[in-house]
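Fold and geometry: a report
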Amino acid sequence: MSATIKDIAKLANVSHMTVSRALNNSPLIKEETRRKIKEIAEQLNYVPNVNAKSLVLQRSHTIGLFFTSMAQGTSSSFLAEALRGVNQGIGVQYNLFVRGIDDYEDYAPIHRRAFDGILLMSQSERDDAFIGHVREQEIPLVVLNRDMGRQDPGIVNLASNDREGAEELTRYLIAGGHTRIALIKGISGYKSTAERNEGYQQAMRAAGLAASEQYIVEGRYDVESGYEAMRQLLSLKERPSAVFCSNDDMAIGAMKAAAEAGVRIPADISVVGFDDIGFASYTTPPLTTVKRPIEQLSLMGARKVLEWIEQGTGTGERVLMDTQFIPRESVRLLV
């Protein structure tokens, strides 16, 4: 006969509820207790009956991880970091459902019987209709990535301080003697695009530098648009001395365009990115960038949504996490 939660509880000398919470990675259980219970469960070869548990608790044991779009603005590296964080947070006791909001014509399939909790990697205010629907369904909701700019009593909002990170990166270029600094922007309408643009503009204004219109080029957060944007910048009569790419994928494309044009990095032009994806330290030269704590945000978000599910109620919270400047070899300091 298969081991049960009662068997584990007896050996661990704890209640059935404590065992259940520990096996579901509840943040309410101390790490030492969780480890002890999981060790006993492993020794007994305990296998959870998810279907039976779902019927008893009236839960789906499914967590939804939604993105503004899977096709636009969600790079493979961003997706991988988000998945690592969420999977680490929810463990194996929940199924993870991943989808883009733009896949839906309406949100009827998003309801309480289908999802115990939802994490939204939000990029745009256009996602507010989805957020409103989830709240109407009374599904525990954590909004990640986009700073909503306010604390809402029914939403946990976790994001990185992109504006500050972009400002710090631009200040570094300015301190290094660069005055002709171009910006390859992200997708229009995305909050991350606006925040990184504002950080760049703030640093330029503080230094008394004008951000020339010809140096501001639209991108799409992908390698191809970075490549195209850099070719446009290199065609200018007066080229920029440095290019700030709003994410690392575009920076990689920009570096390829420079190499094809015989323009050396950083001897002839400096290039910086944003995100610190895995490839950033392996480009030639290694890319100076800003690290966003996507995996940590995703892990924290998963724990917050599980805590909400366990307690049956949640409180509003807004947290901005710091970014980290990562200097490497793609910038030439002129002074």
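Located above this text is the structure these notes cover.
Description of the structure in this document. (Residues numbered from 1 in each chain as written. Predicted model: local features only at pLDDT ≥ 70, side-chain atom pairs only at ≥ 80, totals over all residues. Heavy atoms only, no water.)

Another point: the environment of Tyr 107. Mapped onto the fold, Tyr 107 is located in the loop between strand 2 (95-100) and strand 3 (117-121). In the structure, Tyr 107 is positioned 11 residues away from Leu 96 in sequence and 18 Å away in space, judged by C-alpha atoms. Those residues within four positions of Tyr 107 in sequence are excluded, and the remaining contacts are Ile 101, Ala 129, Phe 130 and His 133. (Helix = DSSP H or I, 4+ residues; strand = E, 2+ residues; numbered from the N terminus. Contact = heavy atoms within 4.5 Å.)

So, on to the sheet that holds strand 6 (residues 181-184). The strand order 7-6-8-9 describes an open sheet built from four strands, whose pairing is parallel. Taken across any chain shown, the strands that pair with only one partner, and hence form the sheet edges, are strand 7 (216-217) and strand 9 (270-272). As defined by bridge partners, strand 8 (residues 242-245) adjoins strand 9 across three bridges and the pair is classed as parallel. Residue pairing in the sheet places Val 243 in a bridge with Val 271 of strand 9. Here helix 9 (residues 223-234) sits on the sheet and contacts strand 6, strand 7, strand 8 and strand 9; the angle it forms with strand 6, its principal contact strand, is near 150°. (Pairing = 2+ DSSP bridges. Axes fitted to C-alpha atoms, helices over the stretch in contact; angles between N-to-C directions.)

By the definition in use, this model includes 21 salt bridges. A salt bridge links Glu 260 to Lys 256, with the nearest nitrogen and oxygen atoms 3.1 Å apart. Linking Glu 260 with Lys 256, this pair stays in helix 10 (residues 248-260), spanning four residues, or about one helical turn. Through salt bridges that share partners, Asp 162, Arg 196, Asp 275 and Arg 292 make up one connected network. (Salt bridge = Lys/Arg side-chain N within 4 Å of Asp/Glu carboxyl O.)

Using the criterion set out here, one finds 11 aromatic pairs in the structure. Judged by centre distance (5.9 Å) and plane angle (45°), the ring pair of Phe 66 and Phe 97 falls under tilted. Of this pair, Phe 66 sits in strand 1 (residues 62-67) while Phe 97 sits in strand 2; the two residues are 31 residues apart in sequence, bridging distant segments of the chain. Classification of Phe 97 as partly exposed rests on a relative accessible area of 26%. With 6.3 Å between their ring centres and 25° between their planes, Phe 244 and Phe 274 make a pair best called stacked. One end of the pair, Phe 244, is in strand 8; the other, Phe 274, is in the loop between strand 9 and strand 10 (289-291), and 30 residues separate them in sequence. A residue is classified by how much of its surface remains accessible, and Phe 244, at 0% relative accessible area, is buried. Here the aromatic cluster, defined as three or more aromatic residues joined through ring pairs, consists of Phe 66, Phe 97, Tyr 104, Tyr 107, Phe 115 and Phe 130. (Phe/Tyr/Trp six-rings, centres within 6.5 Å; stacked < 30°, edge-to-face > 60°. Buried < 20%, exposed > 50% of the residue type's maximum accessible area, 1.4 Å probe, protein only.)

Time to look at the nonpolar core. Core analysis: the biggest nonpolar cluster contains 27 residues, and Ile 184, Met 230, Leu 233, Val 243, Cys 245, Ile 269 and Val 271 have the highest contact counts within it. Mapped onto this core, the elements with two or more residues apiece are strand 6, helix 9, strand 8 and helix 10. Considering every element that reaches this core, the biggest residue donor is helix 10, with six residues. For Val 243, the residues in contact, after removing those within four places along its chain, are Ala 182, Ile 184, Met 230, Leu 233, Ile 269, Ser 270, Val 271 and Val 272. Phe 78, Val 86, Val 156 and Met 321 belong to the second-largest nonpolar core, a separate cluster that totals 22 residues. (Core = buried A, V, L, I, M, F, W, Y, C linked by side-chain atoms within 4.5 Å.)

What follows covers unusual backbone geometry. For the peptide bond that leads from Ile 265 to Pro 266, omega is 5°, which places it in the cis range. Of note in this structure, Glu 138 is not a glycine but carries a positive phi near 60°. Mapped onto the elements of the fold, Glu 138 is located in the loop between helix 6 (128-136) and strand 4 (141-144). Phi at Asp 276 is positive, roughly 60°, even though this residue is not glycine. Residue placement: Asp 276 occurs in the loop between strand 9 and strand 10. For Asp 276, a relative accessible area of 12% corresponds to the buried category.

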